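# Summary of the model geometry
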Amino acid sequence: MQMVPAPAPGVPAPDPALWAARCGAVLARLRQRRPRIHALTNPVAQALTANGLLAIGAVPTLTTHPDEIEDFIASSAAVLLNLGMLDGERFAALPRAAAASARLGRPFVLDPAFADRSPRRRALALALMAETPTILKLNPAEAEAFAADLPSGSCLVVTGPVDRIRLGGQRLALANGHPLLQDVTATGCLLGAILAACLAVEADPVLAAATGLSVLNIAAEQAAGLASGPGSFAVHLIDSLAALTPEDMTGRIRLAPAGGDTP
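The rules behind each value
Residues numbered from 1 in each chain as written. Predicted model: local features only at pLDDT ≥ 70, side-chain atom pairs only at ≥ 80, totals over all residues. Heavy atoms only, no water. Helix = DSSP H or I, 4+ residues; strand = E, 2+ residues; numbered from the N terminus. Rg over C-alpha atoms; globule rule 2.2 N^0.38 Å. Buried < 20%, exposed > 50% of the residue type's maximum accessible area, 1.4 Å probe, protein only. Contact = heavy atoms within 4.5 Å. Lys, Arg positive; Asp, Glu negative; His and termini not counted. Charge placed at Lys NZ, Arg CZ, Asp CG, Glu CD. Pairing = 2+ DSSP bridges. Axes fitted to C-alpha atoms, helices over the stretch in contact; angles between N-to-C directions. Phe/Tyr/Trp six-rings, centres within 6.5 Å; stacked < 30°, edge-to-face > 60°. Lys NZ or Arg CZ within 6 Å of the ring centre and 35° of its normal. Right-handed = clockwise from strand over helix to strand, strands pointing away. pLDDT = per-residue confidence, 0-100. Salt bridge = Lys/Arg side-chain N within 4 Å of Asp/Glu carboxyl O. Core = buried A, V, L, I, M, F, W, Y, C linked by side-chain atoms within 4.5 Å. Polar contact = N/O pair within 3.5 Å; in protein donor to acceptor, adjacent residues only side chain to side chain.

## Regarding the overall build of the protein chain
- Along its length, the protein chain carries 10 helices and 8 strands.
- The C-alpha atoms of the protein chain give 17 Å as radius of gyration, which agrees with the globular expectation for 263 residues (18 Å, within 12%).
- Structurally, the protein chain occupies a C-alpha span of about 50 × 40 × 35 Å along its principal axes.
- Counting every position in the protein chain, which comprises 263 residues, the buried fraction comes to 52%.
- Across the protein chain, contacts joining residues at least 24 apart in sequence account for 69% of those joining residues at least 6 apart.
- In the protein chain, which carries 20 positive and 22 negative side-chain charges, the distance between the mean positions of the two groups comes to 2 Å.

## Brief notes about the sheet that holds strand 5 (residues 135-138)
- In spatial order, the strands read 2-1-3-4-5-6-7-8; together these 8 strands make up an open sheet with mixed pairing. A single partner strand is all that each edge strand has here, and the edge strands are strand 2 (59-61) and strand 8 (170-174). In this sheet, neighbouring strand axes are inclined to one another by 20° on average, regardless of whether the strands run parallel or antiparallel.
- Relative to strand 4 (residues 108-111), strand 3 (residues 78-82) is paired through 4 bridges, and the arrangement is parallel.

## Looking at the packing of aromatic side chains
- In the structure shown here, the tally under the stated rule is 0 aromatic pairs.
- The side chain of R22 reaches across the aromatic face of W19, ending 6.0 Å from its centre.

## Re the pairing of strand 3
- Of all 5 residues in strand 3, 5 are buried; the element is thus mostly enclosed.
- Both faces of strand 3 are covered, namely the face carrying A78, L80 and N82 and the face carrying V79 and L81.
- In this structure, strand 1 (residues 36-40) lies alongside strand 3, joined through 4 bridges in parallel fashion. Directly across from L40, in strand 3, lies its bridge partner L81.
- Remark: the strand 3/helix 4 (residues 88-104)/strand 4 crossover connection has right-handed handedness.

## Let's talk about the confidence of the model for the protein chain
- Overall, the predicted model of the protein chain reaches an average pLDDT of 93, with 93% of residues at or above 70.
- Scored below 50 in pLDDT, residues 1-11 shows 24 contacts in the model against residues more than four places distant or in partner chains.

## A look at the pattern of salt bridges
- Taken as a whole and judged by the stated rule, the model has 9 salt bridges.
- One salt bridge in this structure joins R96 and E70, with 3.7 Å as the shortest N-O distance. Highlighted residues: R96 in helix 4 and E70 in helix 3 (residues 69-74), separated in sequence by 26 residues.
- In this structure E70 comes out as partly exposed when scored by relative accessible area, which is 28%.
- Here E70 and R103 are joined by a salt bridge, their closest N and O atoms 3.1 Å apart. Here E70 is found in helix 3, whereas its partner R103 is found in helix 4, with 33 residues between them in sequence.
- For R103, a relative accessible area of 54% puts it in the exposed group.
- One continuous salt-bridge network, built from bridges that share partners, spans D67, E70, R96 and R103.

## Points about the nonpolar core
- Formed by 59 residues in total, the largest nonpolar core has its most connected members in I165, F233, L237, L241 and M249.
- Looking at this core, the element that brings in the most residues is helix 8 (residues 205-224), giving 13 residues.
- With residues near it in sequence (within four places) discarded, M249 still touches A20, C23, G24, L27, V215, I218 and L244.
- Of all hydrophobic cores here, the second largest spans 26 residues; its members include I73, V79, L83 and L94.

## A short note on the environment of K137
- Tracing the backbone shows K137 in strand 5.
- The spacing of K137 and V109 is 28 residues in sequence and 7.0 Å in space, taken between C-alpha atoms.
- Apart from residues no more than four positions distant in its own chain, K137 is found in contact with V109, L110, D111, P112, E142, V157, T159, G188, L191, G192 and L195.
- A polar atom in the side chain of K137 sits 3.0 Å from the side chain of D111.

## As for the environment of G169
- Residue placement: G169 occurs in the loop between strand 7 (163-167) and strand 8.
- A residue is classified by how much of its surface remains accessible, and G169, at 59% relative accessible area, is exposed.
- Considered as a pair, G169 and P119 are 50 residues apart in the sequence and their alpha carbons are 30 Å apart.

See the structure below:
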């Protein structure tokens with residue numbers, strides 16, 4: 001697919017219907033192929049991550065043991081490396097996982113969670129960035145903290161009320177989602193895993209990123225309409241992910257002005 005740059009003055013904005021069709025096709029391939037995704041994430045996020053991946057058609061594994069990590073990456077189609085709730089085992093496993101992903105040609109998503117708050121975690125995040133993650137997922141605080149260190153070869157995803165995607169000179173912004181996502185722990189970690197699942201079936205990281213963001217955020221919009229609060233929202237979110245179809249994306253994807261140099 002031809003990637004879409006930020007529109008110049010007088011140039012039409014990207015077509016939401018076209019993006020909906022492209023993202024829907026990625027979701028359809030994901031459900032058909034059922035790729036294995038290895039998610040090295042924090043204990044609080046593991047259940048939601050595994051259930052969310054199963055709901056969209058992927059097959060999760062979650063082992064963190066440093067001596068097993070390379071074997072699991074070798075038998076996976078894509079990888080998530082999330083720095084949440086680090087312990088000694090994860091500190092040892094993450095560099096091996098990043099190196100194995102790069103050596104074996106497995107696309108991987110890096111989520112340097114809270115690396116802006118700890119010097120040791122920041123140093124680990126920088127070492128992992130040196131392996132050029134396929135997608136680097138950040139919140140605004142992390143994007144600011146790493147502004148001078150972002151790897152040029154990675155597709156950057158900065159989440160917020162408007163989610164922004166950047167790869168080189170290419171920009172895309174999406175405005176789907178629901179505030180209840182912020183009231184359930186580990187939904188950001190789940191997003192990283194969904195991004196990895198999309199990379200497993202789509203080589204264009206911008207399209208994979210747009211699909212992953214849209215899948216989670218449109219499912220969240222649908223789940224919010226059924227929920228009475230954050231507890232029931234979490235349950236409905238998994239149900240909505242499982243029920244989401246490519247056709248559901250038609251007319252629902254909301255593109256926003258891509259902006260200048262952000263993220």
